[in-house]
Amino acid sequence: MPEIFIDNIRYEYETPGKVLQFMLDNGLDLPFFCYHPSLSIPANCRQCMVKAGMPIFNRDKGTYEIDEEGNRKIRYFPKLMTACSLDLADGMVIHTHHSDELVKQAQADNLEFILINHPLDCPICDQAGECPLQILTYKYGPEGSRFEHKKVHKPKAVQLGPRVILDAERCINCTRCVRFTDEISKTHQLTIVSRGDKNYPMTADGEEFDDPYSLNTVDICPVGALTSADFRFKARVWEMNQTPGIDMSNGKGCNTWLWTRDNLILRITPRFNESVNDHWMPDEARLSYSRFNENRISRPQIRLDRDEQVPTSWNNAELTFREELDKVSPSQILVLGSPHASVEDNYSFRKFFEEKGVNEFFYLPHIIPGSGDDLLLSDDQAPNTNGVNALGFRETDEAGLKKLIKSKKTSIIAILDDDILERTGLTAKEFSGSFTVVLGTNHNETSLSANLVIPITCAAEHAASYVNVDGRIQRTIPAKETLYTNRRLNLEMSMSRLDHYGTKFDNWVTDANRVDCIPAWEFFTRLGDEQTTPAYHSSREIMEEIAGRISRFKEVSYDRMDDENGIQLELKQNTEVNTV
Amino acid sequence: MSDTYTFDTKDLKEIENIIAKYPEKQAAVLPVLWYAQDKFGHTDSSVQKLVAETMDIPEAHIHGVVTFYTQFYEKPMGKHVLDVCTCLSCQVCGGYDMLHYMEEKLGIKAGETTPDGQFSIQSVECLGACGYAPMLQVTNDKYVNHLTREKVDKLIEDLKAGKKPEFESMKMPQHVNGSDK
Amino acid sequence: MSNDWKSYQPLLIPAIRDLHEISVYEKNDGYQALKSILSDRKKWSPENVIEEVKDANIRGRGGAGFNAGLKWSFMPEPDGKPRYLACNGDESEPGTFKDRKIFEYNPHLFIEGAIIAAYAMQVDAIYVYIRGEYRPWVHKLQQAIDQAYEKNYLGKNIQGSDFSVEMYTHMGAGAYICGEESSLMESLEGKRGYPRVKPPFPAQRGLWGRPTTINNIETLANVPMVIKNGASWFKTIGPDTHPGPVLYGISGHVNRPGVYEYPAGMNIMTLINEVTGGIRNGKKLKALIPGGSSTPPLRADMLDGVTMDADSLREVGSMMGTAGMVVLDEDTDMVDLIWRISVFYHHESCGQCTPCREGTGWLEKTLHKINSGDGEIRDLDLLLAICNRMEGRTICALADAAAWPVRYSIDRFRDEFEKKCKKTVYAVA
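Conventions we followed
- Residues numbered from 1 in each chain as written.
- Chains lettered and ligands numbered in written order.
- Predicted model: local features only at pLDDT ≥ 70, side-chain atom pairs only at ≥ 80, totals over all residues.
- Heavy atoms only, no water.
- Contact = heavy atoms within 4.5 Å.
- Buried area = accessible area lost by both parts, 1.4 Å probe.
- Salt bridge = Lys/Arg side-chain N within 4 Å of Asp/Glu carboxyl O.
- Polar contact = N/O pair within 3.5 Å; in protein donor to acceptor, adjacent residues only side chain to side chain.
- Helix = DSSP H or I, 4+ residues; strand = E, 2+ residues; numbered from the N terminus.
- Buried < 20%, exposed > 50% of the residue type's maximum accessible area, 1.4 Å probe, protein only.
- Pairing = 2+ DSSP bridges.
- Domains from an automatic or database assignment.
- Nonpolar A, V, L, I, M, F, W, Y, C, P; charged D, E, K, R; others polar.

Draft legend 1. Expanded view of the interface of chain B and chain A. Taken together, the contact pairs eleven residues of chain B with twelve residues of chain A. Of the roughly 940 Å² buried where chain B meets chain A, counting both sides, 58% is carbon and sulfur surface. Its largest share of buried area at the contact with chain A, chain B owes to B:Ala60, B:His63 and B:Phe68, together 45% of the area lost on that side. The interface formed by chain B and chain A contains one salt bridge. Linking A:Glu207 and B:Lys49 is a salt bridge whose minimum nitrogen-to-oxygen distance equals 2.7 Å.

Draft legend 2. Local environment of the interface of chain C and chain B. With 74 residues of chain C at the interface, the matching set in chain B holds 54 residues. Buried area between chain C and chain B, summed over both chains or domains, comes out near 5,100 Å², and the portion from carbon and sulfur atoms is 56%. Counting the surface chain C buries against chain B, the share from its top three residues, C:Arg135, C:Ala173 and C:Arg340, is 13%. Our count for the chain C to chain B interface comes out at two salt bridges. Taken together, the links from chain C to chain B amount to 35 residue pairs in polar contact (both at pLDDT 80 or more). For the side of chain C that touches chain B, the leading source of residues is helix α14 (residues 334-348) of chain C, giving nine residues.

Draft legend 3. Main features of unusual backbone geometry. Going from B:Ala133 to B:Pro134, the amide bond is cis rather than trans, its omega being -10 degrees. With respect to the helices, strands and loops of the structure, B:Pro134 is situated in the loop between β2 (119-124) and β3 (136-138). In this structure, the amide linkage connecting C:Pro199 to the following residue, C:Pro200, adopts the cis form with an omega of 0 degrees. The phi dihedral of A:Lys186 falls on the positive side, at around 55 degrees, and the residue is not glycine. In this structure, A:Lys186 sits in the loop between α4 (176-184) and β11 (191-193). A relative accessible area of 55% places A:Lys186 in the exposed class. Residues other than glycine seldom take positive phi values, yet C:Asn152 does so here, at roughly 65 degrees. Structurally, C:Asn152 is set in the loop between α7 (135-150) and β3 (166-171). Exposure remark for C:Asn152: the relative accessible area of 25% places this residue in the partly exposed category.

Draft legend 4. Region of the structure containing the sheet that holds strand β13 (residues 226-228) of chain A. Across the sheet, which stays open at both edges, the three strands sit in the order β9-β10-β13 (chain A) with antiparallel pairing between neighbours. Edge positions in the sheet fall to β9 (158-159) and β13 of chain A, since each has one partner strand and no second.

Draft legend 5. Representation of the domain arrangement of chain A in the model. Residue and element names in this part refer to chain A. Domains assigned within chain A are domain 1 (3-111), domain 2 (117-228) and domain 3 (301-460 + 517-554). Here the C-alpha centre of domain 2 lies 29 Å away from the C-alpha centre of domain 1. Summing both sides of the interface, domain 1 and domain 2 together bury roughly 1,400 Å²; the carbon and sulfur share of this comes to 63%. Viewed at the interface, domain 2 and domain 1 are joined by one salt bridge. With its nearest N and O atoms 3.4 Å apart, the salt bridge here joins Lys-139 to Asp-29. Here domain 1 is connected to domain 2 by nine residue pairs in polar contact (both at pLDDT 80 or more). Its residues placed into classes, the side of domain 1 that touches domain 2 shows ten nonpolar, six polar and one charged.

Draft legend 6. Quick look at the pairing of strand β23 (residues 435-440) of chain A. All names here are of chain A. Burial analysis of β23 places six of its six residues in the buried class, the great majority of the element. Neither face of β23 is left uncovered, since the one carrying Phe-435, Val-437 and Leu-439 and the one carrying Thr-436, Val-438 and Gly-440 both have all their residues buried. In the sheet, strand β22 (residues 412-416) pairs with β23 via five bridges, with the strands oriented parallel. When the sheet's bridge partners are listed, Ile-415 is paired in β23 with Val-438. Both β23 and strand β24 (residues 452-455) contribute to a ladder of four bridges, which runs parallel.

Here it is, written out as structure tokens:
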């Protein structure tokens, strides 16, 4: 197997590639700015310079030449090489800052150059704390600067587009953003303008940077030149905690990070997953975080007269639900699962009514043809259409639903988290003949028309699984506390510095952001007949049960999803929801 | 005004001919921008937009190209642009004197345009006429060599009168001294 | 060679009236080299043409001085897909104004040389990249190309053979960096002129991803005479290691500035004192920039016996470059001069990679500080430190070109720089 020596340690490699990527793959450190594994390699920041050489091969003897000490003679390249653009070669010798003073010096020199025209405004810069330039300067930079002249001035606080703001002075011209619009989103909306140290990225005159993926440029910007119009100045990154999640805003199931502070989601950023979203995520998905914070249903709601819902106790909600169920025969119950709810919620929902004798289960796919693209937006607006389908819910549509309500002489309609009224032509009138129970996360048209509303946890508050449009099952981890969960006790939840050291007496901590809700499965556990229904303690147990009972979920487990970054399910080819 | 720039059928034909010289149409960006600048006098954002639309090339790309090359005028310039070389040989042979003389004469600074829109002056980098320093170029076209104050006066008079400088053939001294067969 | 130069008859630009007209050029043995190749394809197979040119050791006249034939031999075997020759007429290095003479006086010599190069490397199209400022000369070359098309020296089935090649002019628009070969290709492809990372080299992946060779205009103009008279004849002109005629563009403080054609290896003092008639106004020589702004300046006392060829100039610590000689008299303010050169490089840095983008500006600002009398001695060390950090750390050689004049003039004219700096060390009485 070909070999390469980095700082005098031997490594083997199988596939050809570049030295920098190989080093990153092997956990070795080398500073860089412009390189990005998913973009082309311009080698323009010059930060990843290494000393590189090849052993001298003697063709006549067919061996490497050896020096007096028995080591291979190395012929070094006359100049330092950028590791990002340097191809791995058998026998190659690389020296980084760990074993070569010149390389160490070159890295500091380059940072000194980068910093001469970079404003030293970290204290007011949104990128501070997660800024590669800041971090690498700490680690590899010079002690100070010898630059005593005026810095070059460029446009500041430019609204580049609806979601992205540019500070051209902070730009270090790595061109990642331009390459992103050229190579990934292919909108070609950005270019570098001007020349020399007056360079900065810009759109054409009078054009907006309204690329549906524009916020990815904020992620990959190695400085604070591009910041998110939505997130900037909201929080310092070191105050926040970061929890892995799954995007709920469409069917692609982009892997995400949910960033919370004091139990509010403040932003969503993509989490690398080669088989789903690579490093990217649509803007729409990022900005969908407000649904986790705002307009949440907190405490059960009950309708006493025709117009008004009032909060009620969990006991009363449960009792009312039981009473209503006892009044009707199973055939009069219409059960609507949801592509917006998790596999576990849909499963326990279905199982509960199955035990009551209901034998038909429906759901309405939420697909808007033409709204997807061939990158990460899908026509499917729901995160779990394949999941609810695989659990045996039958697909129906608006007309089908109307027919069902009529033919069944329905007395109870149970709806799992899905704003059916909003997204179909149905109106509250259609439901008015029945007792409607909605298990929902947010107030919406459907929940407001219901007779009983049970507040359930959202994807940011529970651990649950979702099957994306491509049939990949992935799970979430709770990022926000509810009134009944506690990050100090739930070992799966992450803790930021504020979470650790803050107390409820600190002025930045408030209980107001904790929602009074429980997972749907927990509600059904409470309602269920203790004789027949085993009480679940966690969604993990439910998934174990599902895996054992439903062949399509065979061998699916939380551990496997965690280890493998999601599991590809074998779904039937004819599942018509597979439209991207 | 800004949206009144258009290419007529003849222009489009010409642009098609330019594009045909290259295996890929993007290669024609520079010549087409030149063509547009000759027609409109500059390549400001509306001309950039026109070129982008005509060639079906992203506007940002055109914008980036225009701002990279110094000869494309990002905004309308004077009728006559006087590019005075002040680099190296011209510097040591009095290029700055000529520049300052012109600034004084026209009452503007390098980089500015006279209020009547007749003249713009720019201090530019080497124009490749080092042996004939100091010198200037008139609106991206003819060179005026071996500048003196008198020559500058005459040039400005001529330009005001609508007379553009002729192409001046700078003979090789060897030829002048030797026999011209 | 002493006085040989006086009897030298120019080969690249002979004194023939209207030589730019194809009929005159043809009458003076023009296109004979191309015709002889096309009429004896056995003797002149593409490989043999390359061999002959390689043997002649025409050292690239654009500045790098690399053997042109050797460069041609890097082109891979033809695979049926397009290949290109790009001719570099960007000529933006301050002090350089020679190639435009070829466009003006003897364009067909260059065209013929380019066609022969195209034949040898079996390329499909020739693009002549000319700086935008040379617009009048672009038209002159275009006229010559049109004539060559009319006479079927260009186009399909040249002179009845099966060899075809197209030739196009392409005008730049004001960017020094586009004289760098990979940047030239980017510019030809209609992009911002950012130099490309090498490898891959142009012969592997050039224009539109296809094998491409880039040659200077003057370099190609040497090719027809090599074919006509043979490499061994060519090597009798000038020094062994740097043969052939050279266009010397001499400017600055001399009595008769202009472009002169003499063999390579001319004695510098002969060029200054005799060819161009000495320093004007009877002044003394102070310094010489031998081959364009990026070549390290030489002090007058370093020039004794130095000749204009790569080896001799390397020995005294400079380079041949483009043979664009800038002669400077005793009144020249070297600090002012170097500051202005640094303005040039700052203005022309494309801004793609860090050390050059930031370094050129830093050099300029520091030199400006010194030039305006605010400098301190330590600023000179800082300048050298910046140069150290720029050289060899970038994608192309512009950073090196920007650093050399600064580094070497501080080295060679240090007293002048120190004089301009504030006195930070006080003499003890």
